Structures are given as structure tokens and as C-alpha cells.
Amino acid sequence: MDFQEMSVIEEQSTTEGPHRKESGKRGRKPGRKSGDKVDMKAKLGPLYFVERSRQSARECRARKKLRYQYLEELVADREKAVFALRKELEKFQVWAKEIDEGRVPEDIQTILEDVGALKKEK
């Protein structure tokens, strides 16, 4: 009786085993070749990660260099603008002193004549 029960149990376990899904995520994927395994091992090797890290560091340094160049150009442009504005301010201060002294600066006289000429044409 023990022999028969065991044989029945064995038959049931072989036919009722876990069902495999055809589209499962584990196992070999269809269409992949054994050569792909070599590439995967090379990609996952320590040298691959070292080279990838080095490449990432090179790209980071290049981005940093470009960012600093951009900022330096921006600062240079702003410094030029500040210099031009200070020069213009000094010119206006000189004009204000001359007007306070009762004189009309030559530059203002030409500007007034140009504006007057424009008004006469209209």
C-alpha cells in the first residue's frame, strides 16, 4: 500500500508542477546569441566601470570649463558696460558743473542744434 501511494504522489507532482510563463522576465531572451554574453561580461567587468567613471569625469571637467568660460565672458561684458556707464556719468558731471557756472558745454550745444534741426525738418 505504501508503494502505490508513493507512485501516485510522484505522478501528480510531475504533471502538476509550477506553470512556466512564456513571457517571463527571467531566463534567456529569444533572439539573443551566446556572443552577447561576452559583451555583458565585458560591460560588467571592473575595467568597464573604471573607464566609464573616467569618461564621466572628463565630460564633467569639460562642462565645468565651458561654464567658467561663459561666466568669465559674462563678467567681462558687464565690466565693459560698467566702465562705459562710469565714463558717461563723468561726462554728465562735467556738463552739470559747466551749466552751474553759466556756460553751455560744446557737446550739449551740438546736441541742441541737431535736435533743433530735426524739429525744423518736421
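The structure we're discussing is the one just above.
## Re the overall build of the protein
Stage number 1. Each helix and strand in the protein was counted, giving 4 helices and 0 strands.
Stage number 2. Its helices and strands taken in sequence order, the protein reads α-α-α-α from the N to the C terminus.
Stage number 3. Classification of the 122 residues of the protein by burial places 3% in the buried group.
Stage number 4. Counting only carbon and sulfur atoms, one obtains 57% of the accessible surface of the protein, whose full area is about 12,500 Å².

## As for the packing of aromatic side chains
Aromatic ring pairs: the centre-centre distance and the angle between the two ring planes describe each pair.
Stage number 1. Overall, the coordinates contain 2 aromatic pairs when judged by the stated rule.
Stage number 2. Between Tyr 48 and Phe 49, the ring centres sit 5.6 Å apart and the planes meet at 70°, which makes this aromatic pair edge-to-face.

## Remarks on a nonpolar patch on the surface
Stage number 1. Together, Tyr 70, Leu 71 and Leu 74 make up an exposed nonpolar region whose accessible area comes to about 270 Å².
Stage number 2. As for its placement among the helices and strands, Tyr 70 is situated in helix α3 (residues 46–100).

## Remarks on the pattern of salt bridges
Any two side chains of opposite charge can pair, so long as their charged atoms come close to each other.
Stage number 1. Per the counting criterion, the structure on display carries 2 salt bridges.
Stage number 2. Arg 103 is paired through a salt bridge with Glu 101; the nearest N and O atoms lie 2.2 Å apart.
Stage number 3. According to the relative accessible area criterion, Arg 103 is partly exposed, its value standing at 47%.
Stage number 4. When its relative accessible area of 53% is taken as the criterion, Glu 101 is described as exposed.

Rules of the game
- Residues numbered from 1 in each chain as written.
- Predicted model: local features only at pLDDT ≥ 70, side-chain atom pairs only at ≥ 80, totals over all residues.
- Heavy atoms only, no water.
- Helix = DSSP H or I, 4+ residues; strand = E, 2+ residues; numbered from the N terminus.
- Buried < 20%, exposed > 50% of the residue type's maximum accessible area, 1.4 Å probe, protein only.
- Areas by Shrake-Rupley, 256 points an atom, 1.4 Å probe, with all protein chains shown as cover.
- Phe/Tyr/Trp six-rings, centres within 6.5 Å; stacked < 30°, edge-to-face > 60°.
- Patch = residues over 30% accessible without salt bridge, like charges linked within 9 Å, V, L, I, M, F, W, Y side chains within 5 Å.
- Salt bridge = Lys/Arg side-chain N within 4 Å of Asp/Glu carboxyl O.

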